[in-house]
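Residue-level structural notes
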Amino acid sequence: MVELADRLNRLSLSASAAISALARELREQGKDVISLSSGEPDFDTPDHIKQAAWEAIQRGETKYTNTDGTRALKEAVRDKFRRENGLDFQLNEITVGNGAKQVLYNAMMATLNDGDEVVVAAPHWISYTDMVVGAGGRPVIVPCSQNAGFKLRAEDLEAALTPRTRWVMLNSPSNPSGAAYTRDELKELCEVLRQHPKVLLASDDIYEHILYDGLEFATPAQFDDEIKARTLTVNGVSKAYAMTGWRIGYAAGPRDLIKGMLVMQGQVTAGASSVGQAAATAALNGPQEIVRERRDAFQERRDTVVKMLNECPGVICHKPQGAFYVYPNIAGTLGKKAPSGKTIETDEDFVAELLRAESVAAVHGAAYNLSPYFRISYAASMDELVEACGRIRRFCESLN
Ligand code: PLP
């Protein structure tokens, strides 16, 4: 029996990864499972991106690269920020890692001392709190109600800040709620931060391109130089270009921070894959039409899923503005009995019984620190989504 480090007791296995693995296992046993638990586009990486990767291999780009990214990719990132966000960064203000996940982790490891606080608005991406804890920090969770659109309000941010606050973590559009902040809403939050000049701001913009109904994307570094000088703008190719497996994320921010992140990354991975970086360069520099086409397909799925879930007794589903998740409220199902005889007391019970009764895999809201909800990823085919929502309805109707 291997004795593991104490630090592992403070971390958890990602709930969505665990449920996706369980769904795969059940499928291998012959069960007709529909898994809506995984946070990745069902589309394939576009061909011109794959082709660029193949050409990089043939050119011999198969060696270590600069730790914080190839010059070509950093230039593509610089151009992307300029073209799409109106933001100017020097190359030494840009870093590349193995996914936005590693980029964020590098940032936490490079800046947090034991007990430093990081404000995280719930519901939030599962990994934020674990990353903070892993780096010795303390997550300060601020619940954001469905009535507030699952968004952090200025007064709640103000109340959460203390002399120990190091970071505020923002994510728009959000995983898991799909909530997207308007420019004005972000501005209000930045106004609060003006009174707290030492606090850093992480803006996780990974779902930037999956934004619906003609809404305009905004990110805090756009406001002014003072905010920009303490904001880490994080993004990546995973979601926009269906490249989750290529593991390339990037960020831009103040030079000192980027340098600290480089030191961290140098001792963990020595940088991202050379081939992945060539592919990401092609994604950022290449045609962008496919991103918009896929966004439109996601929007159509959102509309179907929201409509069908709102027909399920006990479920109230808001209409998200972005990303590819819905986060329906299941308060109306609590206290009822599932077909197995088990009483649904929590959202964890709800998803477990749903999987057992109807073979639909979703993630419980407690994993995102806001209950009673569950998360569905609608990055699946329309046929699968319609079938899954039909099963969820049948499950809800079976509760008594
Ligand atoms: N940020 C959020 C909010 C996410 O949902 C995810 C992935 O699920 C990531 C970051 C990580 O993306 P990457 O694949 O670039 O590591």
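This text gives an overview of the structure that appears in the document.

Definitions and cut-offs
Residues numbered from 1 in each chain as written. Predicted model: local features only at pLDDT ≥ 70, side-chain atom pairs only at ≥ 80, totals over all residues. Heavy atoms only, no water. Near = heavy atom within 4 Å. Polar contact = N/O pair within 3.5 Å; in protein donor to acceptor, adjacent residues only side chain to side chain. Areas by Shrake-Rupley, 256 points an atom, 1.4 Å probe, with all protein chains shown as cover. Helix = DSSP H or I, 4+ residues; strand = E, 2+ residues; numbered from the N terminus. Nonpolar A, V, L, I, M, F, W, Y, C, P; charged D, E, K, R; others polar. Axes fitted to C-alpha atoms, helices over the stretch in contact; angles between N-to-C directions. Parallel < 35°, antiparallel > 145°, perpendicular 65-115°, else oblique. Contact = heavy atoms within 4.5 Å. Left-handed = near helix turned anticlockwise from the far one by under 90°. Buried < 20%, exposed > 50% of the residue type's maximum accessible area, 1.4 Å probe, protein only. Phe/Tyr/Trp six-rings, centres within 6.5 Å; stacked < 30°, edge-to-face > 60°.

Points about the site of the ligand
Taken together, 13 residues surround the ligand, and among them A100, N175, D204, S238 and K239 come closest. Separating an oxygen atom of the ligand from a backbone N or O atom of A100 is a distance of 2.7 Å. Alone, the ligand offers 400 Å² of accessible surface; in the complex the protein occludes 93% of this. A total of 3 residues in the shell around the ligand trace back to one element, the largest contributor, which is helix α4 (residues 99-111). Its residues assigned to classes, the shell around the ligand comprises 5 nonpolar, 4 polar and 4 charged.

Focus: the packing of α4 against helix α9 (residues 255-268)
At a minimum axis distance of 8 Å, the contact between α4 and α9 shows a crossing angle of 105°. Considering their axes alone, α4 and α9 lie roughly perpendicular with respect to each other. Residues Q102, V103, N106, A107, M109, A110 and T111 of α4 lie in contact with α9, whose contacting residues are L257, G260, M261, M264, Q265 and V268. Looking at the contact of α4 with α9 residue by residue, the classes come out as 8 nonpolar, 5 polar and no charged.

Some words on the packing of helix α11 (residues 289-309) against helix α13 (residues 382-398)
Two quantities define a packed helix pair, namely the angle between the axes and the distance from one axis to the other. At a minimum axis distance of 9 Å, the contact between α11 and α13 shows a crossing angle of 10°. Judged by the angle between their axes, α11 and α13 are roughly parallel. The hand of the α11/α13 crossing is right-handed. Here α11 contributes E300, R301, T304, V305, M308 and L309 to the contact with α13, which in turn contributes M382, L385, V386, C389, G390 and I392. Residue composition of the contact of α11 with α13, by class: 8 nonpolar, 2 polar and 2 charged.

Considerations on the side chain of Q277
Structurally, Q277 can be placed in helix α10 (residues 274-285). Residue Q277 is classed as buried on the basis of its relative accessible area of 1%. At 2.8 Å, the side chain of Q277 forms a polar contact with the backbone nitrogen of T70. Ignoring anything within four residues of it in the chain, the contact list for Q277 reads T65, G69, T70, L73, V96, I248 and A272.

Let's talk about the packing of aromatic side chains
For the coordinates displayed, the defined rule picks out 14 aromatic pairs. Seen in terms of ring centroids, W125 and Y128 are 5.4 Å apart; in terms of plane orientation they differ by 90°. Their pairing is edge-to-face. Residue class for Y128 comes out buried when judged on its relative accessible area of 2%. Note on Y207 and Y325: the rings are 5.7 Å apart at their centroids and 85° apart in plane angle, and the pair reads as edge-to-face.

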